[in-house]
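Architecture and fold: a report
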Amino acid sequence: MKTWQLIIFGVTVHLIFFYSIFDIYFTSPLVHGMTPYVSNQNPPAKRLVLFVTDGLRADKFFEPLENDKPTAPYLRSVIETEGVWGVSHTRVPTESRPGHVAIIAGFYEDVSAVAKGWKENPVEFDSVFNESRFTWSWGSPDILPMFAKGASGDHVFMDYYPSEHEDFAAADSSKLDTWVFDKVKKFLLEAAKDPALMEKLSKDKVVFFLHLLGLDTNGHSHKPYSQEYIRNIATVDDGIQEVVQLLEEFYHHDNRTAYIVTADHGMTDWGSHGAGHPSETLTPLVAWGAGIRKPRGQERNTQLYQDGFAEKWRLDNLQRSDVQQADLSPLMAALIGIPYPVNSVGVLPLEILDISLHDQAEAIFSNALQILAQFKVKMEQKRETTLSQTFRPFIELTEDKQVLHVRKIKNLIKEGQYEESIKESLNLMALAFQGLGYYQNYDRFLLGLSITAGFVGWGFYILTLILQDHVGVSYKRTFFDELNTPFLLSRKFIHGLAATVAMVIILLLHVQSLPWTYYLYCLVPVLLWVCVLESWPVYVTALQKLWSTNGSPIIGTMIFCFVVLEAVVAGFFYREIFSIGFAALGVWPLLAYKSRSTNQYVWLVTCLLLSIFPLLPVVGRKSNYNIVLLAGLTAFIIGCVINRTYLKNVKGAEIRYVQLSVLLAAIYNLWSVSSSIHRKEGLHGVNQALSWLILVTSAVFPLLGPTQVLPRLFSVTFAFFPVYLLLSLLQEGLFIVCFCVVLFSWIQLEKEIHIAKEKNLITADFSSPLSGERHLVAEDIRRSVFYIFFILVAFYSTGNIASINSFEPSAVYCFLTVFNPFVMGSLLMLKNILPLVLVACSFQTIQILTHIPTRALFMIVMIMSDIMALNFFFLVRDYGSWLEIGTSISHYVIVMCMNIFLMVLFGVSHILTNVQIKLFKS
């Protein structure tokens, strides 16, 4: 198989493995075809007002200011005199769309919506808005349309500002909230003069939804501990007070309006969200008005709270009522008497309600029936797609047991035993939730087994190719060898067995009407294992060769590599391990080799410097552009020295001077943008245009220079450094400077170890064909481990964290400040990729200097990265805290993306080092 064919095949296989995680852990939980159940036959409220303060943390809302005054005086008085307070617990991913879906629709959305930027509906769903008679909403264009689109009929009305208003560099983003409040005031004034609108507003089952985005935008821009964020809370508090007063006057104080204030997610101290840190998952809840109980003493708490929040927030004298975020959906439904959203998995929080015990029993029973309806549909779907002989029902809630539970609850309500019926309803819901989880994960073991077999099969297949092509263990089977082979080891038997297994798999999957992706997950391992098993003589020959020679260096190197890879896996959880790794790398040449050189000491010093970076805070918690500017000036000085000292008479001087000038322009532009942002003047058009010009032109510069190793490496480094500088916030710029020195020292060390004196870095040429390619040796495995290590530290040591959801917009302020998730995400992805490209180009250089076949190293790296991926596949979990669940999934996704990207990276590094564009003919 040719290299390009192997890359395509490898990318395809890994894309299949990567996508499997979505079918195993992220399949949509939604089912359709359920009968709606009315929540409350005697609703206490005619209308509901929902305020969602996007990005509001519970602690910043509840805790008093330094002067002991409340952050939100009006809502604090509501808590103490009129209503209920508590914490709403969100789940990962803590993003705006999933949070709003949980609040309004009652279920926790899976990540399939991320493919549409959390804006569109990957699966249609029911919601409180859909079940209402009329809903009026004001707020962000990123949130409102998805609920209007999902609603049946023409009863959900929305009014939102242009997306251009969502500017992270704005001096004060609280204007987004002021816009909403002003629109509501104007709406009520117009309604008083419009009889048709007034008639609609006088109906029952009406919802008003105010989406307040200012806090989220200010949190991203100025961080949650900033005065801008705190003042924005006060702005929201004043706005809510004014809207409540206007609504009460509009409805003549009829006491039929319920109010709920909450948030979709919180935010970290450094202004990001998406993961499962408590600062992201704990949001405030305040409820008051019709149907909501009055404040009660803390002795009435139904849960034991040991987090100390109530004492810290000086609310320990009042009853606290925490909820899961999805519980808010049935709460809103019960307040205004609409059917529970059919997809909701929320449990009605009875302790918040002020209704009779009979109504509580009926409401929670309807809630249980609504959850049970989803269980029934889920069970029936799984029964229809499973062979009747192999179907395993959820034993705790068979059809007979369902009937018994429902009958018992009805009898208890009829007999007036309301408290007992409430307990039974909660018990039925708990069983239904267990059953939903059971059927949701019904095929997980089968899929996990298939993917594991695929990973192992792919590893052995690559090992087979390495042994055949690059270790000299090839074994050509003749016709007579095939005749003398035992039947169970013959190709005919192996192919026949594989064909039989494949046919059985296809038949079983077809009969069960399972998705087409299941065919890929189950058949790809069969294909891989056929390729491995028919090459069994290669492994026999390899073992015989290892036994007859001194194989201890090979075995020792393999054990060393395995230990290092497992340590790297641990580094995902403890970044300090990367610091230990750098320190070990620093002393490695001094311990392993007797000869000494200046380069070894340069390597030691820079490795020790790099060992500091994994210990530093995560990038984004704060920014310091002075450090970034220092990194840029340091890189400029180093570039000038290299150009004057080592590349003085080498071709391509004009390109190098232009690149150094571009670096100066990037330094100036970064200084100008940071000053403008600091003065709250926003991003100027000239700075934005210059940033995009640097980004677009930088990638072309390396292709214009000569292909000799040193000048081309110089061009590649100084092509990407200006772009990286514009995307930097803190120490990552200095890291890249030190990292480039380490990579150059690594090249020199490998050159010394291989005794490649005939290869001069200036005369050696990337475009020259490799001569004298050799078989692999133990040192080559060690080089591959170094490559994997450098790839990972290039990601983690720059301050990144193991989360695919955390979002820090300030890194892209040189390019744009108006919210655009795909452009911002692409720029942040580019920032992570650039250091990896530098590692790949350095690895390409080492291949040339040491005569290692590119294909061989490529395959070794694939095996090693797959070993790590299999580790994380087994570490993925769907239990424990949401931080642990989200992190485990993020780790697997990051490693699988790295595996796929490594294959692409070989091609990118080849283009950057080998291709030359000649503008003028000689």
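Figured I'd write up the structure that's included with this text. Nothing here was measured: the structure is a model prediction, and the numbers come from that model. Position labels on residues start from 1 in each chain and follow its written sequence. The predicted origin of the model limits local features to residues at a pLDDT of at least 70 and limits the giving and counting of side-chain atom pairs to 80 or more, whereas totals for whole chains, interfaces and linings rest on all residues. With hydrogens and water excluded, all non-hydrogen atoms of the structure serve as input to the side-chain values.

1. With respect to the packing of helix α29 (residues 709-726) against helix α30 (residues 732-753)
- For the pair α29 and α30, interaxial distance at closest approach is 11 Å and the crossing angle is 165°. With respect to their mutual orientation, α29 and α30 come out roughly antiparallel. Considering only the axes of α29 and α30, their crossing is right-handed. In contact with Leu-710, Leu-713, Thr-717, Phe-721 and Tyr-724 of α29, α30 contributes Glu-732, Gly-733, Ile-736, Val-737, Cys-740, Phe-744 and Ile-747.
- When residue character is reported, Ala, Val, Leu, Ile, Met, Phe, Trp, Tyr, Cys and Pro are called nonpolar, Asp, Glu, Lys and Arg charged, and the others, Gly included, polar. Residues that form the contact of α29 with α30 fall into these classes: nine nonpolar, two polar and one charged. Note on definitions: angles span 0 to 180 degrees between N-to-C directions of axes, and those axes are lines fitted to C-alpha atoms, for helices only across the stretch in contact. Labels follow the DSSP assignment, with helices taken as runs of H or I lasting at least four residues and strands as runs of E lasting at least two, numbered in each case from the N terminus. The labels follow the angle: roughly parallel below 35 degrees, roughly antiparallel above 145, roughly perpendicular from 65 to 115, and oblique for the rest. We call a crossing left-handed when the near helix sits turned anticlockwise from the far one by less than a right angle, and right-handed when that turn is clockwise. Residues are treated as being in contact if the distance between any of their heavy atoms lies within 4.5 Å.

2. Re the environment of Thr-763
- Mapped onto the secondary structure, Thr-763 falls in the loop between α30 and α31 (778-796).
- Here Thr-763 falls in the exposed class, since its relative accessible area comes to 58%.
- For the pair Thr-763 and Pro-711, spaced 52 residues apart in sequence, the C-alpha separation works out to 9.8 Å. In this scheme, a residue with accessible area under 20% of its type's maximum is buried, one over 50% is exposed, and one in between is partly exposed, where area comes from a 1.4 Å probe on protein chains only.

3. Some thoughts on a nonpolar patch on the surface
- A surface patch of nonpolar side chains, about 620 Å² in accessible area, is lined by Leu-543, Leu-546, Ile-554, Ile-555, Met-558, Ile-559 and Val-563.
- Breaking the nonpolar patch down by element, the ones donating at least two residues are α21 (536-548) and α22 (552-571).
- With five residues, the single largest contributor to the nonpolar patch is α22.
- Turning to its location among the elements, Met-558 is positioned in helix α22. Exposure above 30% relative accessible area and the lack of any salt bridge qualify a residue for a patch; like charges then connect within 9 Å, and the nonpolar side chains Val, Leu, Ile, Met, Phe, Trp and Tyr within 5 Å. Accessible areas in this description were obtained via Shrake-Rupley with a 1.4 Å probe; residue shielding takes into account the shown protein chains only. Take a side-chain nitrogen of Lys or Arg and a carboxyl oxygen of Asp or Glu: if they are within 4 Å of each other, that pair is a salt bridge.

4. Description of the side chain of Asn-669
- Structurally, the position occupied by Asn-669 is in helix α26 (residues 653-678).
- Not counting chain neighbours up to four residues away, the residues in contact with Asn-669 comprise Asn-687, Leu-690, Ser-691 and Leu-726.

5. Observations concerning the pattern of salt bridges
- This structure, assessed with the given rule, holds 24 salt bridges.
- Salt-bridge contacts for Asp-322 lead to Arg-320; the nearest nitrogen and oxygen are separated by 2.9 Å. Summarising the burial analysis for this pair, Asp-322 and Arg-320 share the class buried.
- Put simply, Glu-750, Glu-779, Asp-780, Arg-782 and Arg-783 are held in one network by salt bridges that share partners.

6. Concerning empty space enclosed by the protein
- Buriedness of a pocket was judged along seven lines, with at least five required to meet protein on both sides within 12 Å; pockets are open sets of points on a 1 Å grid over the protein atoms alone, cavities are sets where a 1.4 Å probe fits but cannot get out, and lining residues have an atom within 4 Å of a point. Grid points are joined across faces, edges and corners, and a volume is the space filled by probe spheres set on the points. On inspection of all chains with the given rule, the structure shows seven cavities of 30 Å³ or more.
- As a volume, the largest cavity reaches approximately 70 Å³.
- Looking at the lining of the largest cavity residue by residue, the class counts come to five nonpolar, four polar and four charged.

7. A few points about helix α24 (residues 598-610)
- The end-to-end C-alpha distance of α24, which contains 13 residues, comes to 19 Å, matching closely the 18 Å that a straight helix rising 1.5 Å per residue would cover.
- Buried within α24 are the following residues: Asn-599, Gln-600, Trp-603, Leu-604, Thr-606, Cys-607 and Leu-610.
- Residues of α24 that are buried sit in contact with α23 (576-592), α30 and α31. Each residue after the first adds 1.5 Å to the expected span of a helix.

8. A short note on the sheet that holds strand β1 (residues 47-53)
- The criterion for strand pairing is that DSSP finds at least two bridges linking the strands in question. With respect to topology, eight strands assemble into an open sheet ordered β4-β3-β5-β1-β6-β7-β2-β8, the strand pairing being mixed. Each of the sheet's edge strands pairs with one partner strand only, and the pair in question is β4 (156-160) and β8 (323-324).
- Bridge count for strand β3 (residues 134-139) against β4 is five bridges, and the pairing is parallel. Within β4, the residue paired with Ser-137 across the bridge is Met-158.

9. Brief notes about the nonpolar core
- For the purposes of this section, nonpolar cores are sets of buried Ala, Val, Leu, Ile, Met, Phe, Trp, Tyr and Cys residues that join through side-chain atoms within 4.5 Å. Counting 161 residues, the largest nonpolar core has Phe-17, Ile-462, Tyr-787 and Phe-790 as the members making the most contacts within it.
- The residues touching Phe-17, leaving out its near neighbours within four places in the chain, are Ile-451, Gly-454, Phe-455, Trp-458, Val-524, Leu-528, Tyr-892 and Met-896.
- Ala-368, Phe-375, Ala-432 and Tyr-442 belong to the second largest nonpolar core, which has 67 residues in total.

10. Regarding unusual backbone geometry
- Phi angles above zero are rare outside glycine, and Arg-314 is one such case at about 60°.
- One can find Arg-314 in the loop between α12 (309-312) and β8.
- Backbone geometry at Ser-513 places phi at a positive 55°, although glycine is not the residue there.

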